[in-house]
Amino acid sequence: MWTPLTLLAAAAPVLAGVQEVWWNISYVEDANPDGLFPRRVVGINGTWPPPPLDVNSTDMLIVHATNSLDEPSTLHHHGMFFNSTSWMDGAMGVSQCGIPPGASFDYVIPVNTSGQWGTYWVHSHAKGQYVDGLRAPLVIHPPQEKHHYDEEFTVVLGDWYHDQHADLLKQFISIANPGGAEPVPDSALIYFAQNATYLGPIAGTSPDSVTAAVGFNENATLPFQPGKTYRLRIINTSAFAAFFFWIDGHEMRIIEADGTDVEESPIDLISVTVAQRYSVLVTARNDTSSNWAIHANMDTDMFDTVPDALNPNVTSSITYNTSASITDLGFVDEYHDVDDISLVPIDVEPMPPATKTIELEVMFDTMDDGTNHAMFNMITYNSPSVIPVLSQVTLGENATSQQAYGPYSFVLDHLEVFDIVLKNGDAGKHPFHLHGHKMQIVGRAEDYTSDDPSLNPPLVEGQANPMRRDTIQVPSMNSVTLRVIADNPGAWLFHCHIEWHLEVGLAVQFIEAPLQAQERNHIPQVIYDQCQAQGIPTSGNAAGHASATDLTGLPAGPFPQILGWRPKGIGAMTGCVLTATIGMLTVTWYALGGHISEEEIEREVREQQEAKAKRGRFFGLFKQKA
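Computed from a prediction, not measured in an experiment: that's the story for all the values here.

A.B. asks: Got a sec to walk through the nonpolar core? Specific residues and values, please.
C.D. replies: The nonpolar side chains of soluble globular proteins are, as a tendency, buried together. Ranked by internal contacts, the top residues of the largest apolar core, which has 87 residues, are I270, L422, F432, F494 and F510. Of all the elements, strand β14 (residues 243-247) adds the most residues to this core, at five residues. Excluding residues that lie within four positions of it along the chain, I270 makes contacts with F243, F244, F245, M252, I254, Y278, V280 and V338. Core analysis: the second largest hydrophobic core is formed by 71 residues, V21, I25, V41 and V55 among them.

Below, the structure is given as structure tokens:
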């Protein structure tokens with residue numbers, strides 16, 4: 001089994017350094033970053049926000065995590081490959097059972113062997129804890145950057161809730177919310193980091209004491225010097241909200257998206273959905289007569305309602321002169337999305353031919369239990385009883401059976417090239433993230449149901465250098481085609497990164513090269529131990545059986561309501577119709593006199609009159625006189 005020390009030894013030939021951090025995942029009381037409401041958050045080492053991470057691409061990063069919460073926790077280093085070590089990915093229910101309360105886990109992030117650099121982030125992938133604050137930026141520096149600039153800052157964007165995630169989730173998944181309206185944030189946040197440290201508040205301001213070391217929103221500023229060029233690394237750490245970001249009086253040029261360096265692409269406004277990252281170059285002005293507003297506006301089109309108390313638009317500033325005022329030019333004329341398919345990666349990777357296509361259609365519906373859930377291809381995701389990284393290595397020959405991993409799973413051969421055709425049949429936009437890979441964006445359609453090639457164009461094969469990223473936004477009724485190489489044995493989650501949608505099942509899992517995973521099996525014993533400590537089985541198929549087909553006991557549902565005529569309904573309706581028909585015929589029969597003759601009717605009437613005369617008045621109490 002691997003330990004951090006054996007990993008270090010194995011990596012020694014290419015290892016230039018080791019960065020270790022010790023993170024105690026803990027509750028922090030009365031954090032109030034928006035200045036509106038103090039609340040309990042999930043922080044690190046008794047502070048919030050969790051510290052930013054800066055490493056070199058030649059480093060190995062080790063995060064020694066201790067869970068001081070009252071529930072299991074994990075850390076997911078978003079966008080990192082974890083080549084052949086998917087058990088370090090931190091996706092609870094897929095790659096890890098979670099760190100039990102009071103236990104520890106060492107996350108080894110082999111940056112030095114992944115060939116990765118750029119802008120990433122780390123967040124919990126358990127029980128919605130990143131909604132409650134467990135999220136931080138991660139920046140990886142290569143020996144030589146592709147673009148020249150003088151200085152850099154990290155810009156952290158995020159939505160913010162005043163209620164705890166657990167309480168919001170109960171309201172969201174409820175028969176009282178059959179339409180599936182997501183919890184709307186109470187506010188938005190923008191704050192800055194540089195060199196593994198957050199920038200403090202503007203001098204003279206009085207922020208909340210718990211977060212007094214960090215400047216948020218109007219109390220945050222970026223210090224610019226005339227003529228310098230700055231790299232801004234923009235990260236959306238939200239649970240729900242996308243953002244539109246721009247800077248008054250300054251131009252931006254995109255140079256990176258999700259860790260992929262791209263040729264400079266001028267843009268006036270950056271749309272950044274949940275979990276995406278962009279780097280832009282901004283050249284400072286030559287005059288210092290004014291400071292300038294930085295805008296971060298939430299995309300309220302994603303919200304079912306916009307509460308009166310919500311200010312979806314937050315501002316901070318660029319400071320040239322502390323004694324100058326801030327110029328705020330207000331709103332832009334129109335929002336727009338980044339045309340990411342048109343970005344050109346600097347490192348060329350041609351589009352390889354694909355041998356498999358996986359179509360995934362997004363749907364939401366009120367289910368048979370009265371709650372609203374999400375589905376890919378009419379199936380809502382449930383975490384399997386056995387995490388798939390352990391199923392892979394304990395099923396033997398059965399590990400290649402797709403059925404063994406549950407109905408939301410796809411088994412891929414080693415180095416297989418496959419397409420994900422992602423169709424968004426929902427009314428809202430969705431950001432989708434594939435763990436352990438970057439995806440080539442090889443096609444987009446504005447209406448995947450259309451026969452019009454201008455709206456639903458055919459896929460163009462042989463593209464010279466498609467854009468690559470790990471998180472992709474798909475608007476309503478749009479589709480995107482993503483080409484992926486299955487070059488990373490393990491189990492990887494593919495899901496909507498809106499946390500509320502992941503919680504209601506908008507996910508599938510890719511089981512990649514299971515036989516190769518068995519050959520490379522170095523899963524540390526702590527993975528098994530921490531599953532067993534929580535009563536979670538550690539071998540067999542998704543349901544815990546040593547079988548490719550027996551999924552008895554596998555968590556499933558809720559299921560779509562079965563509409564239309566079913567056998568019992570047909571029988572009941574047939575009975576009702578038959579009874580009604582007989583009744584109508586009977587009424588008609590009597591109305592027409594049936595088979596009774598006129599003489600019989602007359603005799604019957606006379607007999608009734610005689611009987612009445614005998615009873616007398618007052619119901620026979622008094623008899624008529626003779």
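There's plenty left to go through after this.
A.B. asks: Provide a residue-level description of the layout of surface pockets, including the pertinent values.
C.D. replies: Roughly 630 Å³ of internal volume is contained in the largest pocket. Around the largest pocket, the lining comprises 32 residues; the ones closest to its centre are M92, K127, Y381, S383 and E503. The biggest single contributor to the lining of the largest pocket is helix α5 (residues 499-503), with three residues. Across the lining of the largest pocket, the residue classes break down as 16 nonpolar, 13 polar and three charged.

A.B. asks: Explain the packing of aromatic side chains to me, using residue names and the numbers behind them.
C.D. replies: Applying the stated criterion across every chain, the model contains 22 aromatic pairs. Taken together, a centroid distance of 5.6 Å and an interplanar angle of 80 degrees make the contact between Y161 and W500 edge-to-face. Here the residue Y161 occupies a position in the loop between β9 (151-160) and α3 (165-172), and W500 occupies one in helix α5, the gap between them amounting to 339 residues. Comparing Y161 with W500 shows no difference in burial state: the two are buried. With centroids separated by 5.3 Å and ring planes inclined at 45 degrees, the aromatic side chains of F240 and F303 adopt a geometry described as tilted. Within this pair, whereas F240 is found in the loop between β13 (229-236) and β14, its partner F303 is found in the loop between β19 (291-298) and β20 (313-319), the two being separated by 63 residues in sequence. Residues F240 and F303 agree in their burial class; the two are buried. By way of ring pairs, the aromatic residues F376, F410, F418, F432, F494 and F510 are connected into one cluster. Here the basic side chain of R39 rests over the ring of W160, its NZ or CZ set 5.5 Å away from the ring centre. A cation sits over an aromatic face here: R40 above Y27, 3.8 Å from the ring centre.

A.B. asks: Account for the pattern of salt bridges, naming residues and giving values.
C.D. replies: In total, this model carries 21 salt bridges according to the counting rule given. For E256, the salt bridge goes to R231, with nearest N and O atoms at 3.0 Å. Placement of E256 in strand β15 (residues 252-257) and of R231 in strand β13 is noted, with a sequence separation of 25 residues between them. Across the pair D258 and R469 runs a salt bridge whose closest N-O atoms are separated by 2.9 Å. Taken together, the positions of D258 in the loop between β15 and β16 (260-267) and R469 in strand β28 (residues 467-469) put the pair 211 residues apart, joining distant regions of the chain. Each member of the pair, D258 together with R469, is buried. In this structure, a network of salt bridges that share partners links the residues D258, R277, D340, R444, R469 and D470.

A.B. asks: Residue-level account of α3, with values.
C.D. replies: Taken residue by residue, α3 has H165, L168, L169 and F172 as its buried positions. Buried residues of α3, seen end-on, are gathered within an arc of 100 degrees and therefore sit on one face of the element. Exposed side of α3, more than 90 degrees from the buried face: K170 and Q171 are the residues found there. Where α3 is buried, its residues touch α5.

A.B. asks: So what's going on with unusual backbone geometry? Residues and values would help.
C.D. replies: With an omega dihedral of 0 degrees, the bond running from W48 to P49 counts as a cis peptide bond. Among the structural elements, P49 can be located in the loop between β2 (39-44) and β3 (53-56). Between G557 and P558 the backbone carries a cis peptide bond, its omega angle lying at 0 degrees. Despite not being glycine, K127 shows a phi value in the positive range, around 55 degrees. In this structure, K127 sits in the loop between β7 (118-123) and β8 (135-141). At D258, a position not held by glycine, the phi torsion is positive, near 55 degrees.

Definitions and cut-offs
Residues numbered from 1 in each chain as written. Predicted model: local features only at pLDDT ≥ 70, side-chain atom pairs only at ≥ 80, totals over all residues. Heavy atoms only, no water. Core = buried A, V, L, I, M, F, W, Y, C linked by side-chain atoms within 4.5 Å. Buried < 20%, exposed > 50% of the residue type's maximum accessible area, 1.4 Å probe, protein only. Helix = DSSP H or I, 4+ residues; strand = E, 2+ residues; numbered from the N terminus. Contact = heavy atoms within 4.5 Å. 1 Å grid on protein atoms, 1.4 Å probe; cavity = no way out; pocket = protein on both sides within 12 Å on 5 of 7 lines; lining within 4 Å. Points joined across faces, edges and corners; volume = space filled by probe spheres on them. Nonpolar A, V, L, I, M, F, W, Y, C, P; charged D, E, K, R; others polar. Phe/Tyr/Trp six-rings, centres within 6.5 Å; stacked < 30°, edge-to-face > 60°. Lys NZ or Arg CZ within 6 Å of the ring centre and 35° of its normal. Salt bridge = Lys/Arg side-chain N within 4 Å of Asp/Glu carboxyl O. Arc of directions from axis to C-beta.

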